[in-house]
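Per-entry structural report
Chain by chain, the residues:
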Amino acid sequence: MLQRYGGKSRLSCKMMAEEWMFTATWFNRHFLREQLTAGREIVLVGKWDQRRMQLTVSESEFPDQGAWRSGTLQPVYSIGGKVTQTWMRKTMTQALEQYGDMIPEIIPHELIKQYHFLPRKQAIATIHQPQDTHEGQLGRERMVYEELFLFQLKMQAFRALNRGRMDGIVHTVDNKTVREFVHRLPFELTDAQKKVELEILHDMRSPYCMNRLLQGDVGSGKTVIAAIALYASVRSGFQGALMVPTEILAEQHMRSLERMFEPFGITVGLLTGSVNGRKRKDLLASLQMGMTDVVVGTHALIQEDVFFRQLGLVVTDEQHRFGVNQRGVLRRKGYNPDVLTMTATPIPRTLAITAFGDMDVSTLSERPKGRIPITTYWVKHNMMDRVLGFISREVEQGRQAYLICPLIEESEKLDVQNAIDLHIQMQQSFPAYRVGLLHGRMTPAEKEEVMRSFYDNEVQLLVSTTVVEVGVDVPNATLMVIMDADRFGLSQLHQLRGRVGRGKHASFCVLIADPKSEIGQERMNVMTETEDGFEVSRRDLDLRGPGDFFGTKQSGLPEFRLADMVSDFAVLEQAREDAAELVSESSFWTSPAYTLLREYLQKEQIFQGDLVD
Ligand code: ADP
Ligand code: MG
């Protein structure tokens, strides 16, 4: 199959290797198409993807056009022009023979021992000339770690050297006061939440400015962490702000914070685009005088005339929806307030942030106990009757359902389900229940009213566009039906699915789609195969390719020679921890054991402080 897009092309062809069937894919080699005839033999070199049984070909040759040069494991270099693979391989062999012994070790001895890494010179030799794939893998592991470790060392050293300059807010809240709040919660914190809580409180109590990213998959319970942090700030005598991307979310957080804070006499205000006139004026005055302790809002929070008396903590939820600037503006409304940023999307922005190391990262690695996994089905449109049966079964048991459409109203150009029509159909199919309609063209007041009635289970079926995508939390909703699901991106589908599976009942996600493209089909497969947000992101990246995913250079992501930011993410985090620990030891700055590393930092000009984020 040949696909063309822009000036590029993608050629894929089913192949047999002995009894194995797989797909070979070439980029920008459309001219090969004519040569790929059934039954012909071909030798392929490239990147193998076991899961998808797919080989992205970097070199291919037809034996009937001349003999293939080598039978054993050979390196394939990314080279071009007059430099041939053979020349490069020969030169590498010579270089290793002559200079291999002069390659110094750079990673601290303790770490090499801890991870059972190959020594540096051996690792370098094996990635060029592995005896077998296992050995090559060991070499790669070590070199990937080294690359990420050195990078993180640079970041962490920079931070360490610049720390003394920060004069952030010292939150003084004691543990007993925090416990009073946590004990009143209707559930026990998960171990992951407890760990994150400690990390955040530690930062808040220190004189350094907290700049922490909290990432956790949808439904992992980030909101309550934000609440604890805001509570801690207020009980230390400061004000807190929580900024979210949509009004619906602001209302929701407002309600849940009010419920949690009420017993402690902590006052919460709401500031969104629809709060204006007298109400807005009063709130602004109250914030400036310090009468309102916590404010929840949208972008409205960063308007010029919003002032705080003593802003101690800024929290932003679903941070990928905000630009760095917007967060910065809110932060400057206080004097070096602590900043907590929350996200359910591990990439791409989060990756960038982690990679740049200007934020500390906390991860909620588990969901609250007792959650039953969400079962995801993919069905074709001709199964709609059965889907209706399924919906009716859920609502009869007292549950609620979302139905998501790609469009608000009918379109001439696109033959996909629209919310307005589906709303009417659903009302006809379910006369005994109330069906709500939610989309971006409604006024904020209308939207709020619909959401409120869905929260209160006055509405059982909610037909909506993706405005419900981020953060909405209705635990009684157990069914998410997505119409023309192949119209949505993977991360969006995952976010939408995350609206269910939030309570104690089993939840389901039904994707209705007859995808026309291979990618659309593959998205449906990913969704039915995994519920893990990191995995979804990773496969999203696979599908789209890194260039497309990160918007190439514009992402500003550092480029690594070996490491892959996505698949080596765990190593990146480990390297980050190791580097941070190392620079925090005073011996790092003096001991001869680390001379090479210090020289490296010198070369990277860390000491001049010219590494700015
Ligand atoms: P997200 O991380 O997606 O923002 P939320 O903060 O909305 O997740 O939490 C999802 C649901 O889980 C909410 O209804 C919340 O009350 C509940 N929850 C949070 N923490 C726990 C816990 N430790 N035990 C049980 N339920 C919890
Ligand atoms: Mg949330």
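Calculation notes
- Residues numbered from 1 in each chain as written.
- Chains lettered and ligands numbered in written order.
- Predicted model: local features only at pLDDT ≥ 70, side-chain atom pairs only at ≥ 80, totals over all residues.
- Heavy atoms only, no water.
- UniProt positions renumbered as here; feature names shortened; annotations may be inferred.
- Helix = DSSP H or I, 4+ residues; strand = E, 2+ residues; numbered from the N terminus.
- Buried < 20%, exposed > 50% of the residue type's maximum accessible area, 1.4 Å probe, protein only.
- Contact = heavy atoms within 4.5 Å.
- Areas by Shrake-Rupley, 256 points an atom, 1.4 Å probe, with all protein chains shown as cover.
- Axes fitted to C-alpha atoms, helices over the stretch in contact; angles between N-to-C directions.
- Left-handed = near helix turned anticlockwise from the far one by under 90°.
- Nonpolar A, V, L, I, M, F, W, Y, C, P; charged D, E, K, R; others polar.
- Pairing = 2+ DSSP bridges.
- Expected span 1.5 Å × (residues − 1).
- Phe/Tyr/Trp six-rings, centres within 6.5 Å; stacked < 30°, edge-to-face > 60°.
- Core = buried A, V, L, I, M, F, W, Y, C linked by side-chain atoms within 4.5 Å.
- Near = heavy atom within 4 Å.
- Polar contact = N/O pair within 3.5 Å; in protein donor to acceptor, adjacent residues only side chain to side chain.
- Arc of directions from axis to C-beta.

Naming follows an unreviewed UniProt entry, where the chain appears as ATP-dependent DNA helicase RecG of Paenibacillus pini JCM 16418. Its UniProt record, at the heading Sequence similarities (unreviewed entry), says of the chain: "Belongs to the helicase family. RecG subfamily."

Overview of the overall build of the chain
Across its full length, the chain carries 20 helices and 18 strands. Within the chain, the proportion of its 613 residues that are buried is 51%. Sequence-distant contacts in the chain: of pairs separated by 6 or more residues, those separated by 24 or more amount to 71%. Of the roughly 30700 Å² of accessible surface on the chain, a fraction of 52% belongs to carbon and sulfur atoms.

Observations concerning the packing of helix α15 (residues 490–497) against helix α16 (residues 518–529)
At a minimum axis distance of 10 Å, the contact between α15 and α16 shows a crossing angle of 35°. Crossing angle aside, the handedness with which α15 passes α16 is right-handed. Contacts between α15 and α16 involve L490, L493, H494 and R497 from the former and R523, M524, V526 and M527 from the latter. Along the lines of polarity and charge, the residues of the contact of α15 with α16 split into 5 nonpolar, 1 polar and 2 charged.

Here we look at the sheet that holds strand β10 (residues 311–316)
As summarised here, the arrangement of the 7 strands in space is β8-β9-β7-β10-β11-β6-β12, forming an open sheet in which the pairing is parallel. The strands lining the two open edges of the sheet, one partner per strand, are β8 (268–271) and β12 (360–364). Pairs of neighbouring strands in the sheet enclose a mean axial angle of 20°, with direction left out of account. Judged from the 4 bridges that link them, β10 and strand β11 (residues 338–343) form a sheet pairing that is parallel. The partner of V315 across the bridge, within β11, is L340. Sheet strands touched by helix α7 (residues 223–235): β6 (211–216), β7 (239–243), β9 (294–297), β10 and β11. Its angle to β10, the strand with the most contacts, is close to 170°. On the sheet, helix α9 (residues 277–289) packs against β7, β8 and β9 and is oriented at approximately 130° with respect to β8.

A closer look at α7
Compared with an ideal rise of 1.5 Å per residue, which puts 13 residues at 18 Å, α7 spans 18 Å between its outermost C-alpha atoms and is within 8% of the ideal. Across the 13 residues of α7, 11 count as buried, placing the element largely inside the fold. Every buried residue belonging to α7 is among V224, I225, A226, A227, I228, A229, L230, Y231, A232, S233 and V234, and all of these are buried. With its phi angle positive at about 95°, G237 sits one or two positions after the end of α7.

Here's the deal with the packing of aromatic side chains
Inspection of the entire model under this criterion finds 15 aromatic pairs. Note on F181 and Y231: the rings are 4.6 Å apart at their centroids and 20° apart in plane angle, and the pair reads as stacked. You can see F181 sitting in helix α5 (residues 175–184) and its partner Y231 sitting in helix α7, a full 50 residues away along the chain. Take Y231: its relative accessible area is 0%, and that puts it in the buried class. Look at F181 and F264: their rings are 5.7 Å apart centre to centre, the planes differ by 50°, and that puts the pair in the tilted class. Of this pair, F181 sits in helix α5 while F264 sits in the loop between α8 (247–261) and β8, placing them 83 residues apart in sequence.

Observations concerning the nonpolar core
Within the largest apolar cluster, 43 residues are counted, with the highest numbers of intra-cluster contacts made by F181, L257 and F261. Of all elements in the fold, only α5, α6 (191–205), α7, α8, β8, β9, β10 and β11 reach the threshold of two or more residues within this core. Among the elements that line this core, the one with the most residues is α7, at 10 residues. A477, M480, I482 and C509 belong to the second largest nonpolar core, which has 32 residues in total.

Topic: the site of ligand 1
Around ligand 1 lies a shell of 17 residues, among which G219, K222, T223, R371 and D473 are the nearest. Within the backbone of G221, an N or O atom sits 3.1 Å from an oxygen atom of ligand 1. D473 is positioned such that a nitrogen or oxygen atom in its side chain is 2.8 Å from an oxygen atom of ligand 1. Coverage of ligand 1 by the protein amounts to 85% of the 570 Å² it exposes when considered alone. Across the shell around ligand 1, the residue classes tally to 5 nonpolar, 6 polar and 6 charged.

Quick notes on α6
For α6, which comprises 15 residues, the first-to-last C-alpha distance of 21 Å matches the rise-based estimate of 21 Å (1.5 Å per residue) to within 8%. Along α6, the residues that are buried comprise A192, Q193, V196, E197, I200, L201, D203 and M204. Buried residues of α6, seen end-on, are gathered within an arc of 160° and therefore sit on one face of the element. Exposed residues lying more than 90 degrees from the buried face of α6 are D191, K195, L198 and H202. Where α6 is buried, its residues touch α5, β6, α7, β10, β11 and β12.

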